[in-house]
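# Examination of the molecular architecture
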Amino acid sequence: MKTIIANWKMYLGVRESVALSRGVLRGLRGMKTIPEVILAPSYPALGEVSKILSRSRVRLSAQNMSHQDHGAYTGDVSSRMLKELGVNAVILGHSERRAKGMVDSDVHLKLVRAVAEGIDPIVCVGEPSATHEAGETEGYVHEQINTIFEGVETNKRSTIYVAYEPLWAIGSGKTPSIHDVETVHAMIREQLSELGIDKVSVLYGGSVDPENAYEFLNNSEVDGVLIGGAGVRIQKLLDIITVASEIKA
Ligand code: 13P
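Within each chain, residues carry numbers counting from 1 in the order of the written sequence. pLDDT decides what is reported in this predicted model: residues at 70 or higher carry local features, side-chain atom pairs at 80 or more are listed and counted, and totals for whole chains, interfaces and linings draw on all residues regardless. Remark: hydrogens and water are excluded; side-chain values derive from all non-hydrogen atoms of the structure.

To continue, consider the overall build of the protein. Here a strand is any run of E in DSSP of at least two residues, a helix any run of H or I of at least four, and the numbering for each starts at the N terminus. Counting its secondary structure elements, the protein contains 10 helices and eight strands. For the protein, whose C-alpha radius of gyration is 17 Å, the value lies close to the compact-globule estimate of 18 Å for 249 residues. For the C-alpha atoms alone, the extent of the protein along its principal axes is close to 45 × 45 × 35 Å. Sorting the 249 residues of the protein into buried and exposed places 54% on the buried side. Once local pairs closer than 6 in sequence are excluded, the contacts in the protein between residues at least 24 apart make up 72%. Only four residue types enter the tally: Lys and Arg on the positive side, Asp and Glu on the negative side; His and the chain ends are excluded. By convention, the point assigned to a charge is CZ for Arg, NZ for Lys, CD for Glu and CG for Asp. Counting 26 positive and 31 negative side-chain charges, the protein places the centres of these two groups 12 Å from one another. The reference for a compact globule is 2.2 Å times residues^0.38; the radius of gyration itself is calculated from the C-alpha atoms. Partly exposed residues are those whose accessible area sits between 20% and 50% of the maximum for their type, while under 20% is buried and over 50% is exposed, using a 1.4 Å probe and protein chains only. By definition in these notes, contact holds between two residues if any of their heavy atoms fall within 4.5 Å.

Here it is in structure tokens:
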């Protein structure tokens with residue numbers, strides 16, 4: 001089964017998130033095989049979206065999480081708070097957070113916390129444009145995976161999602177070739193397996209839309225996609241979910 005994750009970033013408020021979540025559930029009703037769908041609204045919308053998704057198989061993700069348990073951390077949100085709202089997955093290390101100072105060692109700490117709390121982590125990695133142009137993508141992503149995952153003990157309850165999102169592909173309309181995606185995904189999978197992490201789902205993210213979704217999703221190295229811009233447009237999101245539902249994983 002393929003996985004579709006919609007990262008709603010800071011695009012939608014509570015009412016819009018509620019409306020879109022309802023639209024997704026309505027759209028799924030007509031589908032024969034339903035892929036795994038995970039919605040990641042903004043923090044303020046999590047509670048209301050959670051109520052809507054509660055009797056469906058659609059899962060709820062946050063877009064970030066503190067690695068701290070609790071305490072004087074103004075503006076942060078803990079795993080316990082997320083769990084209270086019915087959140088069961090969390091995006092960690094998105095490049096838009098990294099641009100504000102988050103580094104791989106922070107992502108590592110968040111990952112450890114998420115696994116310990118039974119929240120499935122969606123760990124984002126990916127190279128900047130200059131690294132891509134220099135042909136050094138694999139080395140860069142390898143290093144990221146090492147720093148983030150080394151010493152992390154996973155358990156049978158957790159699925160680890162890793163989203164390969166090249167920075168230059170996010171929001172740009174540009175995408176890497178399917179061959180490049182395949183190569184990076186295979187490397188990530190092998191590296192995690194060497195670290196003893198086998199229950200992993202490797203996703204592609206960056207300018208995924210209904211037109212290019214098939215090429216990514218139809219590749220056996222691609223377990224799913226992480227969508228930004230196209231995921232806040234109901235028809236585009238449902239079109240991508242439909243593509244996923246028609247592919248035999
Ligand atoms: P776009 O699909 O808008 O390129 O965003 C990708 C992304 O950052 C998903 O997390």
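The structure having been displayed, the exposition proceeds.
With that settled, consider the packing of helix 5 (residues 104-117) against helix 7 (residues 137-149). When two helices pack together, their arrangement is captured by the angle between the axes and the distance separating the axes. Contact pair helix 5 / helix 7: the axes reach a minimum separation of 7 Å and the direction vectors enclose 45°. Comparing the axis directions of helix 5 and helix 7 gives the class oblique. As helix 5 runs across helix 7, the sense of the crossing is right-handed. Contacts from Asp104, Ser105, Val107, His108 and Leu111 of helix 5 reach helix 7 at Gln144, Thr147, Ile148 and Phe149. Under the convention adopted here, Pro, Cys and the residues Ala, Val, Leu, Ile, Met, Phe, Trp and Tyr are nonpolar, Asp, Glu, Lys and Arg are charged, and Gly plus all remaining residues are polar. Tallied by class, residues from the contact of helix 5 with helix 7 come to four nonpolar, four polar and one charged. Angles here are taken between N-to-C directions and fall from 0 to 180 degrees, while the axes themselves are lines fitted to C-alpha atoms, restricted in helices to the stretch in contact. Angular relationships are summarised with four words: roughly parallel below 35 degrees, roughly antiparallel beyond 145, roughly perpendicular across 65 to 115, and oblique for the angles in between. Here a crossing is taken to be left-handed if its near helix is turned anticlockwise relative to the far helix by less than a right angle, and right-handed if that turn runs clockwise.

A word on the pairing of strand 4 (residues 89-92). Across the two faces of strand 4 the burial is the same, with Ala89 and Ile91 and Val90 and Leu92 all buried. With strands facing away from the observer, any crossover in which the path from the first strand over the helix to the second runs clockwise is taken as right-handed. Between strand 3 (residues 59-62) and its parallel partner strand 4, the chain crosses via helix 3 (residues 79-84), and the hand of that crossover is right-handed. When DSSP finds at least two bridges between two strands, those strands are taken to pair. Bridge count between strand 4 and strand 5 (residues 120-125): four bridges; the pairing is parallel. Bridge pairing in strand 5 links isoleucine 91 to isoleucine 122.

Counting residues in each nonpolar core, the largest one holds 68 residues, and the members touching the most others are Phe149 and Ile188. Counting residues per element, this core draws most heavily on helix 10 (residues 234-245), at six residues. Contact partners of isoleucine 188, with chain neighbours within four places excluded, come to Val125, Val141, Ile145, Val162, Tyr164 and Val202. In this text, buried Ala, Val, Leu, Ile, Met, Phe, Trp, Tyr and Cys residues form a nonpolar core when linked through side-chain atoms within 4.5 Å. Core analysis: the next-biggest nonpolar cluster, separate from the first, contains 11 residues, Ile5, Ile122, Cys124 and Leu226 among them.

A few words on helix 7. Between its terminal C-alpha atoms helix 7 stretches 18 Å, which fits the 18 Å expected from 13 residues at 1.5 Å a residue. Considered for burial, the residues of helix 7 that qualify are Thr137, Val141, Gln144, Ile145, Ile148 and Phe149. All buried residues of helix 7 fall inside an arc of 100° around its axis, so they share one side. In this fold, the buried residues of helix 7 make contact with helix 4 (95-98), helix 5, strand 5, helix 6 (129-133), strand 6 (160-164) and helix 8 (178-194). Glycine 151 sits one or two residues past helix 7 and shows a positive phi near 80°. Residue count minus one, scaled by 1.5 Å, sets the expected span of a helix. The arc in question is traced by the directions running from the helix axis to the C-beta atoms.

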